Amino acid sequence: MAILLGSIADDYTGASDLANTLTKNGLRTVQTVGIPDPSLALPDVDAVVVSLKIRSVPASDAIAAAASAERWLRQRGAGHVLYKICSTFDSTDAGNIGPVTEALSEAAGGGVVLVTPAFPETGRTVYLGHLFVGGQPLNESPLRDHPLNPMHDANLVRVLTRQSRNAVGLIDLTTIAAGPGAVKARLDALSTAGITAVIADAIFERDLETLGEVALETPVSTGASGLGLGLARALVRSGRKSSGAATTADAIRPVGGLSAIVAGSCSKATLHQLDIAERSMPVLRLDPERLLAGPQEIAAAISWAGDRISAGPVVIAASAAPETVSRLQSLHGREASGHAIETATSIITAELVERGVRRLVVAGGETSGAAVDRLAIPAFLIGPEIAPGVPVLRTVGNAQGDMLLALKSGNFGGEDFFTAALAMMH
Ligand SMILES: Nc1ncnc2c1ncn2[C@@H]1O[C@H](COP(=O)(O)OP(=O)(O)OP(=O)(O)O)[C@@H](O)[C@H]1O
Ligand SMILES: O=C(O)[C@@H](O)C(=O)CO
């Protein structure tokens with residue numbers, strides 16, 4: 001299998017978001033969980049998205065994992081590797097967007113890397129280096145209260161500079177509107193000035209098409225699904241994409257079994273989706289203090305689900321409003337609380353699968369990563385889109401048999417996302 005495009009995603013929901021975009025734009029795509037075991041039979045595809053869980057780990061660990069994935073992708077023919085980050089640039093001053101971008105670029109022989117989290121379909125746009133989420137600058141959006149990576153600065157040139165060893169530049173919208181030639185000339189000038197990463201503006205998909213065309217001529221880029229769209233369309237336009245359409249029908253063949261939703265995302269969107277789900281499904285709100293205190297809360301949740309799940313889908317959520325999250329974090333620390341809750345939700349998820357759940361929705365990137373790791377799912381085929389950025393996924397090579405999943409990024413999906421997702425899984 002020789003692949004045209006490789007990607008390394010810094011979390012699992014982000015990986016499925018990108019895989020969905022690549023599929024919609026004509027690339028046959030598979031999502032692997034880490035570097036797959038050589039014994040895993042992968043389908044013949046144009047693009048592979050390797051999901052890693054490296055958004056909120058120490059930068060040195062993130063670099064090591066990304067470097068191995070990059071080598072694996074290059075060995076399979078990937079001429080270009082996209083480092084898939086969050087469209088809201090989730091990171092801290094310690095990384096990991098800057099350090100991983102620099103490491104991937106160095107491994108590929110250096111040069112300047114285009115960086116943009118723009119994803120217009122979900123309202124993420126970048127203008128003069130500033131990231132907007134819907135109508136709000138990043139630092140005024142709900143991302144200012146993110147449990148793990150609160151975002152307090154919308155100026156991405158500044159944010160990336162704080163994470164990088166080398167200087168960071170900007171390619172503004174005027175240059176991008178002038179077309180690929182103008183962007184290349186500007187990149188060359190910035191590269192001569194010693195800059196190794198540039199934040200690129202993008203408001204419309206046409207801006208991302210221009211950026212995709214330029215990025216494809218370089219070995220590495222860093223961005224969200226918008227840049228994936230640009231790269232996929234550039235590959236198709238250039239005629240480099242092999243024949244064979246990207247179909248999703250095979251991925252949603254019915255799997256039967258029970259269905260459940262597990263949420264660890266504390267985003268405004270997820271909190272509202274949970275309120276709406278409460279009108280049609282039993283919802284258990286976990287007590288975070290009790291979750292951290294010992295295994296009783298987990299056992300109680302499993303028993304609660306066991307009493308109800310044969311009658312229909314159940315929802316189990318650790319999610320809480322920013323004030324509650326802050327209180328817990330001030331008592332136990334940010335990372336320790338996040339990690340302990342992810343562990344708890346992943347144990348609950350595995351127990352639900354043990355009891356027959358085969359259709360599963362998980363809300364939150366870190367939460368999804370912990371759950372998928374505990375289930376030891378090796379890879380996913382990409383099914384149809386439930387909402388922008390969230391496809392139905394079908395497991396490949398799963399020990400428990402075929403399952404359908406949706407891994408929802410915290411901020412994605414309409415208010416009825418949970419019922420909409422389950423309605424597409426049979
Ligand atoms: N009640 C709570 N108090 C503190 N932390 C919590 C609570 N509930 C969940 N968490 C933690 O908050 C973090 C949420 O991150 P996660 O990535 O799962 O969601 P998200 O950031 O909304 O999603 P995405 O990264 O896809 O945008 C996890 O580490 C989770 O364990
Ligand atoms: O890009 C996004 O916003 C999502 O795919 C994501 O990575 C959130 O975790």
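Residues numbered from 1 in each chain as written. Chains lettered and ligands numbered in written order. Predicted model: local features only at pLDDT ≥ 70, side-chain atom pairs only at ≥ 80, totals over all residues. Heavy atoms only, no water.

### Things to note about the site of ligand 2
Stage number 1. Taken together, the residues surrounding ligand 2 are D11, T13, G14, D17, R55, K84, I85, C86, S87, S409 and F412.
Stage number 2. A distance of 3.4 Å separates an oxygen atom of ligand 2 from a polar atom in the side chain of T13.
Stage number 3. One of the side-chain nitrogen or oxygen atoms of D17 is found 2.5 Å away from an oxygen atom of ligand 2.
Stage number 4. For ligand 2, whose free accessible area comes to 270 Å², the fraction covered by protein is 94%.
Stage number 5. In terms of residue count, the dominant contributor to the shell around ligand 2 is helix α1 (residues 12–24) (three residues). (Near = heavy atom within 4 Å. Polar contact = N/O pair within 3.5 Å; in protein donor to acceptor, adjacent residues only side chain to side chain. Areas by Shrake-Rupley, 256 points an atom, 1.4 Å probe, with all protein chains shown as cover. Helix = DSSP H or I, 4+ residues; strand = E, 2+ residues; numbered from the N terminus.)

### Here we look at the domain arrangement of the protein
Stage number 1. Domain boundaries in the protein define domain 1 (5–238) and domain 2 (253–423).
Stage number 2. Spacing between the C-alpha centres of domain 1 and domain 2 amounts to 27 Å.
Stage number 3. Both sides together, the interface formed by domain 1 and domain 2 hides about 2600 Å², and carbon and sulfur atoms give 63% of it.
Stage number 4. For the domain 1 face of the interface with domain 2, the top three residues by lost area are Y12, T13 and K53, together amounting to 21%.
Stage number 5. Run the count over domain 1 and domain 2 and you get three salt bridges.
Stage number 6. Linking K53 and E342 is a salt bridge whose minimum nitrogen-to-oxygen distance equals 3.0 Å.
Stage number 7. If you look at where domain 1 meets domain 2, you find 11 residue pairs in polar contact (both at pLDDT 80 or more).
Stage number 8. Of all the elements in the fold, those that place two or more residues in the side of domain 1 that touches domain 2 are α1 and β2 (29–33).
Stage number 9. Of the residues forming the side of domain 1 that touches domain 2, the biggest block, nine residues, is contributed by α1.
Stage number 10. Split into classes, the residues belonging to the side of domain 1 that touches domain 2 amount to 14 nonpolar, 11 polar and eight charged. (Domains from an automatic or database assignment. Buried area = accessible area lost by both parts, 1.4 Å probe. Salt bridge = Lys/Arg side-chain N within 4 Å of Asp/Glu carboxyl O. Nonpolar A, V, L, I, M, F, W, Y, C, P; charged D, E, K, R; others polar.)

### A look at the side chain of D201
Stage number 1. By the secondary structure assignment, D201 is in the loop between β10 (197–200) and α7 (205–215).
Stage number 2. It turns out D201 is buried and unbridged, and the closest side chain with the opposite charge, R186, is 10 Å from it.
Stage number 3. Of the polar contacts made by the side chain of D201, one reaches the backbone nitrogen of G129; its length is 2.8 Å.
Stage number 4. Engagement of the side chain of D201 in a polar contact is seen with the backbone nitrogen of L173, the distance being 3.0 Å.
Stage number 5. With residues near it in sequence (within four places) discarded, D201 still touches V126, Y127, L128, G129, L170, I171, D172, L173, I176 and L211. (Buried < 20%, exposed > 50% of the residue type's maximum accessible area, 1.4 Å probe, protein only. Lys, Arg positive; Asp, Glu negative; His and termini not counted. Contact = heavy atoms within 4.5 Å.)

### Focus: the packing of helix α2 (residues 59–75) against helix α3 (residues 97–107)
Stage number 1. Remark: α2 packs on α3, axes separated minimally by 9 Å, with the N-to-C direction vectors making an angle of 35 degrees. The interaxial crossing formed by α2 with α3 has right-handed handedness. Residues A59, A62, I63, A66 and E70 of α2 form the contact with α3, whose participating residues are P99, V100, A103, L104 and A107.
Stage number 2. Its residues placed into classes, the contact of α2 with α3 shows nine nonpolar, no polar and one charged. (Axes fitted to C-alpha atoms, helices over the stretch in contact; angles between N-to-C directions. Left-handed = near helix turned anticlockwise from the far one by under 90°.)

### Topic: the packing of aromatic side chains
Stage number 1. Taken as a whole and judged by the stated rule, the model has two aromatic pairs.
Stage number 2. Arranged with centres 6.2 Å apart and planes meeting at 65 degrees, the rings of F119 and F412 form a pair that is edge-to-face. In this pair, F119 sits in the loop between β5 (113–116) and β6 (124–127) while F412 sits in the loop between β18 (404–408) and α15 (417–423), placing the two residues 293 residues apart along the sequence. F412 carries the same exposure label as F119, and that label is buried.
Stage number 3. Measuring from ring centre to ring centre gives 6.0 Å for F417 and F418, while their planes differ by 75 degrees; the resulting arrangement is edge-to-face.
Stage number 4. We classify F418 as buried; its relative accessible area is 1%. (Phe/Tyr/Trp six-rings, centres within 6.5 Å; stacked < 30°, edge-to-face > 60°.)

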